[in-house]
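# What the coordinates show
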Amino acid sequence: MTKAYDPLNYENLARSVVTALLESVSTALPPTKKFSGSGVYALYYTGSLPYYSHISSSDLDKPIYVGKAVPTGARKGSSGVDSESTTELYRRLHDHAKSIDQAENIDLVEFQTRYLVVEQIWITLAERFLINHFRPLWNTVIDGFGNHPPGSGRRDMRRPRWDIVHPGRSWAMKLKAVETVEEIVRLIDTQAR
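These lines cover the structure that appears in this document, whether it is placed above or below. (Residues numbered from 1 in each chain as written. Predicted model: local features only at pLDDT ≥ 70, side-chain atom pairs only at ≥ 80, totals over all residues. Heavy atoms only, no water.)

Turning to the overall build of the protein chain, a few remarks are in order. What the protein chain contains, in helices and strands, is 6 helices and 4 strands. Element order for the protein chain, N to C, with α for helix and β for strand: α-β-β-β-α-β-α-α-α-α. Residue burial in the protein chain is summarised as follows: out of 193 residues, 45% are buried. Within the protein chain, residue pairs in contact and separated by at least 24 positions form 71% of the contacts whose partners lie at least 6 positions apart. (Helix = DSSP H or I, 4+ residues; strand = E, 2+ residues; numbered from the N terminus. Buried < 20%, exposed > 50% of the residue type's maximum accessible area, 1.4 Å probe, protein only. Contact = heavy atoms within 4.5 Å.)

The structure is reproduced here in structure tokens:
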């Protein structure tokens, strides 16, 4: 028996947001013109690091990272914030640009982004769909790209894999590395197969 198509099914709703994101015009990271809103985004790598060769492309068909930017207070259940009255998405993209710029072995000019201002209720759903669909390296294998410096009392944390592969963020260099670049690159190769 064939299941009836339900346009209001959560996966179909998420797919419509993702389609709008993927059809949006790409831009250099970070965006130069300030804008308002919260939403979802995808980052693309176009450089020549050998362990990213399977995703590096000027076609921007496979993101290296996807994420979301929700209005301040949204994670704590605040419902009085609308997606367009904030600059969270713009700020998040600039935070990512700073992290990439601090890395010693990648260059910010090798990155492009697509972003979409989205109604708050659909942001997390769209991000989850993007991660499940694309399995971006920096969301799955090389975690820690979106991290912020740990607070006091959390200094005994491990150094994120992203900071092992792409050293340069001063706060991360203070954390203990428990894996080597070679071990992580082997994991990248495994996922690429």
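Right, let's talk about unusual backbone geometry for a bit. As a rule of thumb, non-glycine residues mostly have phi less than zero, and peptide bonds are mostly trans rather than cis. That bond from Leu29 to Pro30 is cis: its omega, 0°, falls within 30 degrees of zero. With respect to the secondary-structure elements, Pro30 resides in the loop between strand S1 (27-28) and strand S2 (39-45). Even without being glycine, Leu60 reaches a positive phi, approximately 55°. With respect to the secondary-structure elements, Leu60 resides in the loop between S2 and strand S3 (65-69). When its relative accessible area of 9% is taken as the criterion, Leu60 is described as buried.

Opposite charge on two side chains allows them to pair when their charged atoms are near. Counted by the stated rule, this structure contains 5 salt bridges. Here Glu88 ties to Arg91 by a salt bridge, and the two come within 2.6 Å at their closest N and O atoms. Placement of the pair is Glu88 and Arg91 together in helix H2 (residues 88-102), with a separation of 3 residues, close to one helical turn. Given the relative accessible area of 12%, Glu88 is considered buried. In this structure, Arg161 and Glu179 form a salt bridge, with 2.9 Å as the shortest nitrogen-oxygen distance. (Salt bridge = Lys/Arg side-chain N within 4 Å of Asp/Glu carboxyl O.)

Moving on, we come to the nonpolar core. In this structure, Tyr52, Ile64, Ile100, Ile106, Trp138 and Ile142 are the most contacted members of the largest nonpolar core, which totals 32 residues. Going through the elements one at a time, S2, S3, H2, helix H4 (161-165) and helix H6 (181-192) are the ones with two or more residues in this core. By residue number, the principal contributor to this core is H2, which donates 5 residues. With sequence-adjacent residues up to four places away left out, Ile100 is seen in contact with Leu29, Ile106, Asp107, Leu108, Phe111, Trp138, Phe145 and Trp162. Listed in part, the 18 residues of the second largest apolar core include Ala14, Val118, Ile123 and Phe134. (Core = buried A, V, L, I, M, F, W, Y, C linked by side-chain atoms within 4.5 Å.)

For the coordinates displayed, the defined rule picks out 12 aromatic pairs. Centroid distance Trp138 to Phe145: 4.6 Å. Interplanar angle 45°. Geometry classified as tilted. Residue classification places Trp138 among the buried residues on the basis of a relative accessible area of 1%. With centroids separated by 5.4 Å and ring planes inclined at 85°, the aromatic side chains of Trp138 and Trp162 adopt a geometry described as edge-to-face. Of this pair, Trp138 sits in the loop between helix H3 (120-134) and H4 while Trp162 sits in helix H4; the two residues are 24 residues apart in sequence, bridging distant segments of the chain. With a relative accessible area of 0%, Trp162 lands in the buried category. Connected via pairs of aromatic rings, a cluster forms that spans Tyr41, Tyr45, Tyr51, Tyr52, Tyr65, Phe111, Trp138, Phe145 and Trp162. (Phe/Tyr/Trp six-rings, centres within 6.5 Å; stacked < 30°, edge-to-face > 60°.)

Moving on: helix H1 (residues 10-22). Here H1 contains 13 residues, and its C-alpha end-to-end distance of 18 Å stays within 8% of the 18 Å for a straight helix at 1.5 Å per residue. Elements in contact with the buried residues of H1: S2, strand S4 (111-117) and H3. (Expected span 1.5 Å × (residues − 1).)

Here we take up the packing of H1 against H3. At a closest axis distance of 9 Å, the pairing of H1 and H3 adopts a crossing angle of 80°. Considering the angle they form, H1 stands roughly perpendicular to H3. Along its contact with H1, which presents Tyr10, Glu11, Leu13, Ala14, Arg15, Val17, Val18, Leu21 and Leu22, the element H3 presents Trp122, Leu125, Ala126, Phe129, Leu130 and Phe134. (Axes fitted to C-alpha atoms, helices over the stretch in contact; angles between N-to-C directions. Parallel < 35°, antiparallel > 145°, perpendicular 65-115°, else oblique.)

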